[in-house]
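If you want the building blocks of each chain, they are given just below.
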Amino acid sequence: MAHGEVQRRELLARQREQWETETALTAVMSDPEVQRLKQEIDGLEPAVAQELSPLLRRFQERYDRAVRDADLDLLSHSCAGKHGQWGRICVLDIGHEAEYPHVGTTAGGQPVAWVGSAPDDA
């Protein structure tokens, strides 16, 4: 079998795998119970952040100052957690997960808290 034919078959296998994965994810995400849970989570994230905000506001202020001043030393000690496509970056210190969820702000500047991290976390 020619090298080009092997590459073509590998490409087709990868495309088929991607299609199957996307089809499965679409089916799961369209399930009514999954949609209900998503809405519940979307409501809880800001509520938990509002509850924790007075306690953890200093971390947000410290993080904002470090970003403004390009304080790489302080930023290197911040949690690497983020909330995927929404761009929410955790402002707490590394290792906080045992005591608090991730805490940050939305693009609109509202506090938000979440559990878990985005698949693209480093």
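Residues numbered from 1 in each chain as written. Predicted model: local features only at pLDDT ≥ 70, side-chain atom pairs only at ≥ 80, totals over all residues. Heavy atoms only, no water.

Q: Go over the pairing of strand β1 (residues 102-105), please, and point to the residues and values.
A: The pairing of β1 with strand β2 (residues 111-114) spans 4 bridges and is classified as antiparallel. Within β2, the position partnered with V103 by the bridge is A113. In this structure, the hairpin formed by β1 and β2 is closed by a connection of 5 residues, where G109 is found at a positive phi of approximately 90°. (Pairing = 2+ DSSP bridges. Helix = DSSP H or I, 4+ residues; strand = E, 2+ residues; numbered from the N terminus.)

Q: How would you explain the side chain of S78 if you had to name every residue and give the values?
A: The topology assignment puts S78 in the loop between α3 (72-75) and β1. When neighbours within four sequence positions are excluded, S78 is seen to be in contact with Y63, L92, D93 and I94. (Contact = heavy atoms within 4.5 Å.)

Q: Please give an account of the confidence of the model for the chain that cites residues and values.
A: Low pLDDT marks regions whose predicted coordinates should not be analysed in detail. Of all residues in the chain, 92% have pLDDT values of 70 or greater, and the mean over the chain is 85. When mean pLDDT is compared element by element in the chain, α3 scores highest at 91, while β2 scores lowest at 86. (pLDDT = per-residue confidence, 0-100.)

Q: Could you give an account of helix α2 (residues 32-69), with specific residues and numbers?
A: With 38 residues, α2 ought to run about 56 Å at 1.5 Å a step, yet its terminal C-alpha atoms sit only 46 Å apart, falling short of that. The axis of α2 is deflected most strongly, by about 80°, at P54. Listed as buried for α2 are E45, A49, L52, S53, L56, F59, Q60, Y63 and A66. The inward-facing, buried residues of α2 contact α3, β1 and β2. One side-chain oxygen at the N-terminal end of α2 lies 2.9 Å from the backbone nitrogen of E33; it belongs to D31. Following α2 by one or two positions, A70 adopts a phi angle in the positive range, close to 55°. (Expected span 1.5 Å × (residues − 1). Bend = angle between axes of the 7 residues up to and from the residue. Buried < 20%, exposed > 50% of the residue type's maximum accessible area, 1.4 Å probe, protein only. Polar contact = N/O pair within 3.5 Å; in protein donor to acceptor, adjacent residues only side chain to side chain.)

Q: Pulling in residues and values, what's your account of unusual backbone geometry?
A: The phi dihedral of A70 falls on the positive side, at around 55°, and the residue is not glycine. Mapped onto the secondary structure, A70 falls in the loop between α2 and α3.

Q: Could you give an account of the pattern of salt bridges, naming the residues involved and the relevant values?
A: Overall, the coordinates contain 8 salt bridges when judged by the stated rule. We note a salt bridge from E20 to R16, for which the minimum N-O separation is 2.9 Å. Here R16 and E20 lie together in helix α1 (residues 3-29), a separation of 4 residues that amounts to about one turn. Among the residues examined, E20 registers a relative accessible area of 40% and is labelled partly exposed. Residue classification places R16 among the partly exposed positions, given a relative accessible area of 48%. D93 is paired through a salt bridge with R62; the nearest N and O atoms lie 2.4 Å apart. Separated by 31 residues along the polypeptide, D93 in the loop between α3 and β1 and R62 in helix α2 bring together distant segments of the chain. One connected set of salt bridges, linked through shared partners, spans E5, R8 and R9. (Salt bridge = Lys/Arg side-chain N within 4 Å of Asp/Glu carboxyl O.)

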